[in-house]
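Residues per chain are reported as follows:
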Amino acid sequence: MWFFRSPRIVFGEDSLSFLSMVESRRFLIVTDRYLSGTDILKKVKTALPTGSETMVFSNIGSEPLLSEITSDMDSIYRFEPEIIIGLGGGSSIDAAKIIYALYEKPGLSAFDITPMDNFGMGSRSRLVAIPTTSGTGSECSWAAVFTDDNEKRKNEVASPEILPDYAILDPDLVLDLPRAQTVNTAVDAITHAVESYVSQWNNLYSDILAEKAISLITPNLLRVISDPHDFSARESVHIGSSMAGLSFSNSQIGLAHALGHAMGAYFGIPHGKTVGLYLPEVVRYNRRKAGPRYDNLNKLFPKKFISSTLDLTLRNYFREIGQPTQIKDIPVQKSDYESKISDMKDLASQSTGILTNPEEADSTALEMLLRSVI
Amino acid sequence: MDTKIYLMALLNTYMAKFPSDEWVKLYCDKLNANQKYADAGKNWEGDIVFVVEKDDSLPQDEHIYLDLYHGKCRSAKYIHTGEEVPKSEFSYKGKYGNWRKLMAGQIDPIQGILTGKFRLDGSKMKIMRFTSAAKEMVNTASMVETEF
Ligand SMILES: [Fe+2]
């Protein structure tokens, strides 16, 4: 027995206008400090039904502390939103999930959000995710990441009840995404698809979404890099990324995420860059268990990058798009990196990615993989 | 002695009924001998009760108490009928039939919770940081030659 869970997905050109069809009138928009001053927020506000009341909460940075996310809960309780919109990258959408959970269940601690409990959320509001990057998959997942104020460590919480009710995938909102973020987030999406496809929890639904994600993202990302305003290529990467998100949230991620999270925690490198750093080596490590499945994915890359095995194909592809596979290209100092290997290994060993990775990974294996990128 | 009977007798000396005093002792010993568990559970502190709930094949609920500390099993006890079940930080409950499937590798310990076949009481947040230790605990249980 297993489940397939998905938000209702509104996609394609002009999909933001879906908001005007919503019956509700009280909208809370959770977004980051940067987006709050841009046209994107204006576009969303303009799309809301006439006569709507809107509250904007934009106290979200790139790696928000729980205290920041919850800093205005009193005003939010008073405002009584009917719709909570998470607008932005993964951090804003994740913050919206936490705010939604705490608004639905006042008194709940964010740390208590787990998939092992039933909370009965959804009686006061609906959650809508509008991504402005293509890759985190947060709009399709039931997990949220925040930074703990005391330990300064990232916590991932999860519950099917914080899965957004709607995800709106409007390519117009990613047309001006800068190149670095476009690549980082797309690499995250590729990693989601590859890891989900070989996860021990993979299933027929997650499989088909992972395959389609790879075949949509990998050729179209190249077109986006050469012409950032290529609407149809942007749309394909955007939809492909959400398919990858849907795939892993119904299966699981693996070792590249376990290692990438650990590295990100110590070096403050964007998430997509850290998971991509380890992905080729993780694929090589898993080959004994997942070889035939990797071969399926290998065929889906654009022809000129395809090599005999997926790890080599990934290296070719990453070289082309500028995704580093060694720390010197990030850049991170070798001595700094080596001094943190033991800590990173400990952190990685606590990740759920270890549980579902196709090949077992003990502490020796984790250390070997961490050292493989030096 | 007939070879077949001899082999069966030999096998019986290693087989332990689940759950029982013998099974719990073997399990605790195997946990302590398992380097992978020592590794995955090295920061774990907390005791846990396994509750094996009755079903068609088991007439009454059974309990196993485990005191786990820094990757080792400090003590373990099969709770006999009428004995008080010790208070513990965690409990992991499921029907007898599901325990059998768990030990046969047909149910993943975390998926088992997500699909309602097992229930966990205690801090879920803490458990989520030790999913690989949980998995090693199950792997170790499958290493005990078990008779159902
Ligand atoms: Fe990711």
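Here the residue index of a chain counts from 1 through its sequence in written order. Whichever chain is written first is A, and whichever ligand is written first is 1; the rest continue in order. In keeping with the predicted nature of the model, local features appear solely for residues at pLDDT of at least 70, side-chain atom pairs appear and are counted solely at 80 or more, and the whole-chain, interface and lining totals rest on all residues. With hydrogens and water stripped out, all remaining heavy atoms of the structure feed into the side-chain values.

Summarise the overall build of chain B; cite the residues concerned and give the values.
Summing up its helical and strand segments, chain B has seven helices and seven strands in all. Each helix corresponds to a stretch of at least 4 residues labelled H or I by DSSP, and each strand to a stretch of at least 2 residues labelled E; elements are numbered beginning at the N terminus. Counting from the amino terminus, chain B carries its helices and strands in the arrangement α-β-α-α-β-β-β-β-α-α-β-α-α-β. A radius of gyration in this sense is built from C-alpha atoms; the matching globule rule multiplies 2.2 Å by the number of residues raised to 0.38. Against the globule reference of 15 Å for 148 residues, chain B gives a C-alpha radius of gyration of 16 Å, in line with a compact fold. Oriented by its inertia axes, the alpha-carbon framework of chain B measures out at about 55 × 35 × 30 Å.

How would you sum up the nonpolar core? Please name residues and give values.
Residues grouped as a nonpolar core are buried Ala, Val, Leu, Ile, Met, Phe, Trp, Tyr and Cys residues, joined through side-chain atoms within 4.5 Å. Here's how the labels work: a residue is buried when its accessible area is under 20% of the maximum for its type, exposed when over 50%, partly exposed in between, all with a 1.4 Å probe on protein chains only. Within the largest apolar cluster, 54 residues are counted, with the highest numbers of intra-cluster contacts made by V194, M263, Y278 and Y337 of chain A. Ranked by the residues each element gives to this core, the list is headed by helix 5 (residues 179-198) of chain A, at nine residues. The contact rule is simple, with two residues in contact once any of their heavy atoms fall within 4.5 Å. Filtering out sequence-adjacent residues up to four positions away, M263 of chain A remains in contact with G268, I269, T274, L277, Y278, I327, I330, V332, Y337 and M344 of chain A. Grouped together as the second largest cluster of nonpolar side chains are 36 residues, F50, V52, L58 and L120 of chain B included.

So, the coordination of the iron ion: which residues are in play, and what are the values?
Residues and elements named next belong to chain A. Summarising the metal site, the iron ion is bound by the protein donors D188 (OD), H192 (NE2), H257 (NE2) and H271 (NE2), whose distances to it range over 2.1 to 2.2 Å. All donors to the iron ion come from one chain, and their sequence spacing reads D-x3-H-x64-H-x13-H. With D188 in helix 5 and H271 in helix 9 (residues 271-298), this pair connects stretches of sequence that are 83 residues apart. D188 sits in the buried class, given a relative accessible area of 3%. Only N, O and S atoms count as donors, using a 2.8 Å cut-off from the metal and 3.2 Å for Na, K and Ca, and because water is excluded some sites may appear unfinished.

Run through the packing of helix 6 (residues 204-226) of chain A against helix 7 (residues 231-249) of chain A, naming residues and quoting values.
Residue and element names in this part refer to chain A. One can describe the packing of helix 6 onto helix 7 by two numbers: an axis separation of 7 Å at closest approach and a directional angle of 150°. Classified by the interaxial angle, the pair formed by helix 6 and helix 7 is roughly antiparallel. The crossing of helix 6 and helix 7 is left-handed. Where helix 6 abuts helix 7, its residues S206, L209, A210, K212, A213, L216, I217, N220, L221, R223 and V224 lie against S232, A233, R234, S236, V237, I239, G240, S241, M243, A244, L246 and S247. Comment: axis = line fitted to C-alpha atoms, over the contacting stretch for helices; angle = value between 0 and 180 degrees taken between N-to-C directions. Throughout, the term roughly parallel applies to angles under 35 degrees, roughly antiparallel to angles over 145, roughly perpendicular to angles from 65 to 115, and oblique to all others. Left-handed describes a crossing whose near helix is turned anticlockwise from the far helix through less than a right angle; right-handed describes the clockwise counterpart.

An account of a nonpolar patch on the surface is requested, with residue identities and associated values reported.
All names here are of chain A. On the surface, F4, L204 and Y205 cluster together to form a nonpolar patch covering roughly 360 Å² of accessible area. Turning to its location among the elements, Y205 is positioned in helix 6. Its relative accessible area of 52% is what places Y205 among the exposed residues. Each patch is built from salt-bridge-free residues with over 30% relative accessible area, joining like charges within 9 Å and nonpolar side chains (Val, Leu, Ile, Met, Phe, Trp, Tyr) within 5 Å. Using a 1.4 Å probe, the Shrake-Rupley method yields the accessible areas, and only the shown protein chains count as cover for residues. When a carboxyl oxygen of Asp or Glu is within 4 Å of a side-chain nitrogen of Lys or Arg, the pair counts as a salt bridge.

Account for the side chain of S199 of chain A, with residues named and values stated.
Residue and element names in this part refer to chain A. The residue S199 is located in the loop between helix 5 and helix 6 in this model. Counted as a polar contact is a pair of N or O atoms within 3.5 Å, where, for protein atoms, one must be capable of donating a hydrogen and the other of accepting one, and residues adjacent in sequence contribute only when both atoms are in side chains. For S199, the side chain forms a polar contact with the main-chain nitrogen of W201, separated by 2.9 Å. When sequence neighbours within four positions are dropped, the list of residues in contact with S199 reads S251, Q252 and T356.

Give me the lowdown on the interface of chain B and chain A, citing residues and values where you can.
Taken residue by residue, the interface counts 22 residues in chain B and 26 residues in chain A. A quick way to say it: buried area is the sum, across both parts, of accessible area lost when two parts are put together, with a 1.4 Å probe. Sorting the residues of chain B by area buried against chain A places L114, M125 and R129 of chain B first, and these three jointly supply 30% of that buried surface. Across the contact surface, chain B and chain A share three salt bridges. Where K124 of chain B meets D117 of chain A, a salt bridge forms, and the shortest distance between an N and an O atom there is 3.2 Å. Across the contact surface, chain B and chain A share eight residue pairs in polar contact (both at pLDDT 80 or more). Of all the secondary structure elements, the ones that give two or more residues to the side of chain B that touches chain A are helix 3 (35-40), helix 5 (109-114), helix 6 (124-128) and helix 7 (131-143) of chain B.

Before we move on, can you summarise the pairing of strand 4 (residues 72-79) of chain B with the specific residues and values?
Sheet faces and side chains relate simply in a regular strand, where the side chains alternate between the two faces. All names here are of chain B. When DSSP finds at least two bridges between two strands, those strands are taken to pair. With seven bridges connecting them, strand 3 (residues 62-69) and strand 4 associate as antiparallel partners. By the bridge assignment for strand 4, L68 is matched with C73. Connecting strand 3 to the next strand, strand 4, in antiparallel fashion are two residues, including H70 with a positive phi near 50°.

If you had to explain the domain arrangement of chain A to someone new, which residues and values would you point to?
Residues and elements named next belong to chain A. What the domain assignment lists for chain A is domain 1 (8-173) and domain 2 (178-371). Between the C-alpha centres of domain 1 and domain 2 there is a distance of 26 Å. Taken together, the contact between domain 1 and domain 2 spans 20 residues of the former and 20 residues of the latter. Of all residues in domain 1, S134, G135 and P171 give up the largest surface area on contact with domain 2, accounting jointly for 30% of the area buried on that side. Here domain 1 is connected to domain 2 by zero salt bridges. Between domain 1 and domain 2 we count six residue pairs in polar contact (both at pLDDT 80 or more) in total. When its residues are assigned to classes, the side of domain 1 that touches domain 2 shows seven nonpolar, seven polar and six charged. Throughout, the edges of the domains are those of an automatic or database domain assignment. Three classes are used: nonpolar for Ala, Val, Leu, Ile, Met, Phe, Trp, Tyr, Cys and Pro, charged for Asp, Glu, Lys and Arg, and polar for all others, with Gly counted as polar.

Can you break down the packing of aromatic side chains residue by residue, with the values?
Paired rings are identified among Phe, Tyr and Trp, the last through its six-membered ring, by centres lying within 6.5 Å, and are further divided according to the angle between planes into stacked (under 30 degrees), edge-to-face (over 60) and tilted (the rest). A complete count under the given rule lists 21 aromatic pairs over all chains for this structure. Considering the side-chain rings of F4 of chain A and Y205 of chain A, the 5.0 Å spacing of their centres and the 25° angle between planes classify their relative orientation as stacked. Placement of the pair is F4 of chain A in the segment before strand 1 (8-11) and Y205 of chain A in helix 6, with a sequence separation of 201 residues. Arranged with centres 5.1 Å apart and planes meeting at 40°, the rings of W44 of chain B and F90 of chain B form a pair that is tilted. Taken together, the residues W44 of chain B in the loop between helix 3 and strand 2 (45-53) and F90 of chain B in strand 5 (residues 90-95) connect sequence positions 46 residues apart. The same class applies to W44 of chain B as to F90 of chain B, namely buried. In textbook terms, an aromatic cluster arises when at least three aromatic residues are bridged by ring pairs, as seen for F18, W23, Y27, F50, Y92, Y96, W99, F118 and F148 of chain B. Remark: a charge is flagged as sitting over a ring if the NZ atom of Lys or the CZ atom of Arg is within 6 Å of the ring centre and within 35 degrees of the ring normal. In this arrangement the basic side chain of R26 of chain A is found over the ring face of F79 of chain A, its NZ or CZ atom lying 4.6 Å from the centre. If you follow R74 of chain B out to its NZ or CZ, it ends over the ring of Y69 of chain B, 4.1 Å from the centre.

Before we move on, could you go through the sheet that holds strand 2 (residues 26-32) of chain A and cite the residues and values that matter?
Residues and elements named next belong to chain A. Spatially, six strands are ordered 1-8-5-4-2-3 in an open sheet, and the strand pairing comes out parallel. The outermost strands of the open sheet, each flanked by one partner alone, are strand 1 and strand 3 (53-60). Adjacent strand axes in the sheet meet at a mean angle of 20° when their direction is disregarded. Strand contacts of helix 4 (residues 90-104): strand 2, strand 3, strand 4 (83-88) and strand 5 (126-131), with the helix running at about 160° to strand 4, the strand carrying the most contacts. Helix 7 rests against strand 1, strand 5 and strand 8 (166-169) of the sheet, and its axis sits at about 150° to strand 8.

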